[in-house]
Amino acid sequence: MPTQTIIEFFLYITPGFLAFQIYRSLYPAKPASDFSQITWSVIYSVFIYVGVLWVDDTYLNKSLKSPSTEFPNIYFAFALYVSAVALGLTVSLFHFTRFKIATKFNSLRRLLPDPQSIWAKVNQSTNRDWAVVYLNDNSIYLGYIAEYTFDPSADDQDFLLSDAKRVDESLREIYTVDGIGVYLNTRNVSRIEFLKSQNN
């Protein structure tokens, strides 16, 4: 395969792949199949390529695609990758905007993006409840989930319980965790109960 053909392939396909990966990194979901990744990368690449050409023809007097002794034209390649980053961030911003609108207006709840996991759903920023975490070793902690991981491909997730207290079965305080909190993993958790306030 000629070197120029290989360069053209990567030049026109990788921007779409970059845009797709930026979006997926900001919107965790179950890993896409190879076919799905290739398909979306091609779709994004076509959109990016057509968009850059349109801007170049309409506003830049074809300066990005001007004749050059080198291939690819460095300015055109740069525009493709900048557009890829912009597209990935724009799609992510659209997702974030849907979330903010849907959580602010109950009548628009149907617009709320699907987090694809109960774990991600209960840890959305709209959840202000306190958590009572029951561990497999029969210890119980009360606090709020300040940080959490969400890897859709993993069976277990890490989380940090802040403002934490070790409590008994009646939720009476045994002692207070005076550091940043308790680091936990869902594999060690039997259940989590959510309370409206710590006083409950």
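Below you will find a few notes about this structure.

## As for the pairing of strand β1 (residues 130–135)
Stage number 1. Of all 6 residues making up β1, 6 are buried, and the element is well covered by its neighbours.
Stage number 2. Of the two faces of β1, both are covered, the one formed by Trp130, Val132 and Tyr134 as well as the one formed by Ala131, Val133 and Leu135.
Stage number 3. Bridge analysis of β1 against strand β6 (residues 189–195) gives 6 bridges, and the strand direction is antiparallel. Looking at the pairing, tyrosine 134 lines up with arginine 191 of β6.
Stage number 4. Here 4 bridges tie β1 to strand β2 (residues 140–148), and the two strands are oriented antiparallel to one another. Bridge assignment links alanine 131 to a residue of β2, and that residue is glycine 143.

## Examining the environment of threonine 90
Stage number 1. Checked against the element boundaries, threonine 90 lands in helix α3 (residues 74–104).
Stage number 2. Placed 68 residues apart in sequence, threonine 90 and isoleucine 22 show a C-alpha to C-alpha distance of 9.9 Å.
Stage number 3. From its side chain, threonine 90 meets the backbone oxygen of alanine 86 in a polar contact 2.7 Å long.

## Considerations on the packing of aromatic side chains
Stage number 1. Taken as a whole and judged by the stated rule, the model has 8 aromatic pairs.
Stage number 2. A ring pair is formed by tryptophan 54 and tyrosine 59, whose centres lie 5.5 Å apart and whose planes are at 85°; its orientation type is edge-to-face.
Stage number 3. Taking the relative accessible area as the measure of exposure, tryptophan 54 reaches 49% and is therefore partly exposed.
Stage number 4. An aromatic cluster of three or more residues is present, and its members are Tyr12, Tyr49 and Phe76.
Stage number 5. When the ring centre of tyrosine 141 is taken as origin, the NZ or CZ atom of arginine 166, which lies over that ring, is 5.7 Å away.

## Side note on a nonpolar patch on the surface
Stage number 1. Taken together, Ile38, Val42, Val46 and Val50 make up a surface patch of nonpolar side chains, about 340 Å² in accessible area.
Stage number 2. Within the element layout of this structure, valine 42 appears in helix α2 (residues 34–59).

## Observations concerning the side chain of asparagine 185
Stage number 1. Relative to the assigned elements, asparagine 185 resides in strand β5 (residues 182–185).
Stage number 2. Among the polar contacts listed, one links the side chain of asparagine 185 to the backbone nitrogen of arginine 187, at a separation of 2.9 Å.
Stage number 3. Among residues more than four places away in sequence, those in contact with asparagine 185 are Asp156, Gln157, Asp158 and Phe159.

## Examining the pattern of salt bridges
Stage number 1. This model, assessed by the stated rule, comprises 3 salt bridges.
Stage number 2. Of the charged contacts, one joins aspartate 129 and lysine 196 as a salt bridge, the two residues approaching to 3.8 Å between their closest N and O atoms. Taken together, the positions of aspartate 129 in the loop between α4 (118–122) and β1 and lysine 196 in the segment after β6 put the pair 67 residues apart, joining distant regions of the chain.
Stage number 3. Taking the relative accessible area as the measure of exposure, lysine 196 reaches 67% and is therefore exposed.

Conventions used here
Residues numbered from 1 in each chain as written. Predicted model: local features only at pLDDT ≥ 70, side-chain atom pairs only at ≥ 80, totals over all residues. Heavy atoms only, no water. Buried < 20%, exposed > 50% of the residue type's maximum accessible area, 1.4 Å probe, protein only. Helix = DSSP H or I, 4+ residues; strand = E, 2+ residues; numbered from the N terminus. Pairing = 2+ DSSP bridges. Polar contact = N/O pair within 3.5 Å; in protein donor to acceptor, adjacent residues only side chain to side chain. Phe/Tyr/Trp six-rings, centres within 6.5 Å; stacked < 30°, edge-to-face > 60°. Lys NZ or Arg CZ within 6 Å of the ring centre and 35° of its normal. Patch = residues over 30% accessible without salt bridge, like charges linked within 9 Å, V, L, I, M, F, W, Y side chains within 5 Å. Areas by Shrake-Rupley, 256 points an atom, 1.4 Å probe, with all protein chains shown as cover. Salt bridge = Lys/Arg side-chain N within 4 Å of Asp/Glu carboxyl O. Contact = heavy atoms within 4.5 Å.

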